[in-house]
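Each chain is listed here by its residues.
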Amino acid sequence: MGKFSRAAVTTTVAAGLLSVALAPAQATTTGTADTGQLPYSATTGVGVHNAYEKSKYPYFADALDSGAAMLEIDVWTNAFGRSWRVSHSNPLGNDNNCVNASSAAELRTKARNQDLGGCLADMRSWHDANPGHRPVLIKMELKDGFRANQGRGPAALDALLTARLGDALYRPADLAGGHRDLDTAVRADGWPARSALAGKFVVELIPGTLEEDNPLDSLWTDREYATHLRVLKAAGRLGEAGAFPAVHHAAAGDPRSRYADASIRPWFVVFDGDAAAYAGGSIDTSWYDRNHYLVVMTAAHSVAPAIDGTNPTEQQARDRLSLLAGRHASVVSADWYPLPSVLGSVVARGGVRPGS
């Protein structure tokens, strides 16, 4: 019963928010199961890869309206450009569907190609217009990692998240509560119920492709931010943190063992990797579920038998969601933006039902 303890504390709030959190665009597809009553870690949703791209959504507000459980943003921090740039392949500038809206009325009226602050401003304006919206995981790939010496390090990211999202942000300190670290917290109390997370954004950080391929970069995003969390906790300032670092790439056993500094391992409760690797049978994915860890499974279409990465039939996409939910995914990620009815689906992770 431990993982339901926080849901019990928030019963009154949950009752008021449940109807909004499970609006038609986020409808449950688990038959009689009410996924809004389940802990966030006991459900599986659908994410959109690189949701900031204009070829997928004219505006980031459209991505937010899609009902998707996760939206991905790529961020560049190098010295050859200004600010936190949002783009897939241009490290020097912004190429995206964000408009830096200051109100809902501006979400589709201003110039696009804004920086990360502009994307976060859109999220806040959309949030204000949609109180009690579904919890949305915002996955940030830091393409070339942090640049703390240029004003774009973990503390600066925290400050930007706080300034733009404010109380719409679900923070590591919210999950940790009175526990010594995130691992202890999720093992003891688990994540809140989905209904209790209504109206919140959860930010996940992964190392970027360029960072991981750079032989001169020995301090990747995951390790740098986890160390940041440990330091903040020791200083009594964990409440300043705005994001959750993820262990990147699927691996058997406890993938956190890759970190030589064992003191940062308990700050990872989010894992992110290729769906085909997680579903291949060599990884005990039930371990993540039992411990209430989140698992983002990417390129869901590539799991055998492969289906179209953008335009599968609705039934194929739903079958893939069911398959990976059974493999204990928290988020099933692909480029299925043409299928909003699938993006809004939330199912019980691992076939769990309330009261079972």
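Along each chain, residue indices are assigned from 1 in the same order as the chain's sequence is written. With pLDDT at 70 or above as the cut-off, local features in this predicted model cover only qualifying residues; side-chain atom pairs require 80 or more to be listed or tallied, and sums for whole chains, interfaces and linings still use all residues. Side-chain measures here rest on the full set of heavy atoms in the structure, leaving out hydrogens and waters.

Q: Give me helix α9 (residues 221-234): which residues, what numbers.
A: Because the α-helix completes a turn every 3.6 residues, residues three or four places apart line up on one side. With 14 residues, α9 ought to run about 20 Å at 1.5 Å a step, and its terminal C-alpha atoms sit 20 Å apart, in line with that. When we look at burial in α9, the residues that qualify are T221, D222, E224, Y225, A226, H228, L229 and L232. Strands here mean DSSP runs of E at least two residues long; helices mean DSSP runs of H or I at least four residues long; both are numbered from the N terminus. Looking one or two places after α9, you find G236, whose phi comes out positive at around 70°. What a helix should span is 1.5 Å times the count of its residues minus one. Type-normalised accessible area, obtained with a 1.4 Å probe on protein chains alone, sets the label of each residue: buried when under 20%, exposed when over 50%, and partly exposed for intermediate values.

Q: Before we move on, could you go through the packing of helix α5 (residues 154-165) against α9 and cite the residues and values that matter?
A: Axes here refer to lines fitted to C-alpha atoms; in helices the fit is confined to the stretch in contact. Angles between the N-to-C directions go from 0 to 180 degrees. Two elements in contact, α5 and α9, have axes separated by 10 Å at closest approach and are oriented at 75°. Taken together, the axis directions place α5 and α9 in an arrangement best described as roughly perpendicular. Touching P154, A155 and D158 of α5 are E224, Y225, H228 and L232, all from α9. In the contact of α5 with α9, the residues fall into four nonpolar, one polar and two charged. Here roughly perpendicular refers to angles of 65 to 115 degrees, roughly parallel to angles under 35, roughly antiparallel to angles over 145, and oblique to all remaining angles. Contacts: residue pairs with any heavy atoms within 4.5 Å of one another. Each residue is assigned to one of three groups, with Ala, Val, Leu, Ile, Met, Phe, Trp, Tyr, Cys and Pro labelled nonpolar, Asp, Glu, Lys and Arg labelled charged, and all others, Gly among them, labelled polar.

Q: Describe the pairing of strand β9 (residues 331-334), naming the residues involved and giving the relevant values.
A: For a regular strand, side-chain orientation follows a simple rule: the groups alternate between the two sheet faces. Along β9, one buried face is formed by V331 and S333 and the opposite face, lined by V332 and A334, is buried too. At least two bridges found by DSSP between two strands are what make those strands a pair. Inspection of the sheet shows strand β8 (residues 294-298) paired to β9 by two bridges, in the parallel sense. The partner of V296 across the bridge, within β9, is V331. Whether a crossover is right-handed comes down to one check: with the strands pointing away from the viewer, does the path from the first strand over the helix to the second run clockwise; if it does, it is right-handed. Each parallel crossover has a hand, and the one from β8 via helix α12 (residues 314-326) to β9 is right-handed.

Q: Describe in detail the packing of aromatic side chains, supporting the description with residues and values.
A: Two rings from Phe, Tyr or Trp (for Trp, the six-membered ring) form a pair when their centres are within 6.5 Å of each other. A pair whose planes differ by under 30 degrees is stacked, one over 60 is edge-to-face, and the rest are tilted. A complete count under the given rule lists 15 aromatic pairs for this structure. Judged by centre distance (4.9 Å) and plane angle (65°), the rings of F271 and Y288 are edge-to-face. Residue F271 is located in strand β7 (residues 270-274), and its partner Y288 is located in helix α11 (residues 286-290); the two are separated by 17 residues in the primary sequence. Accessibility expressed as a relative area gives 1% for F271, which makes it buried.

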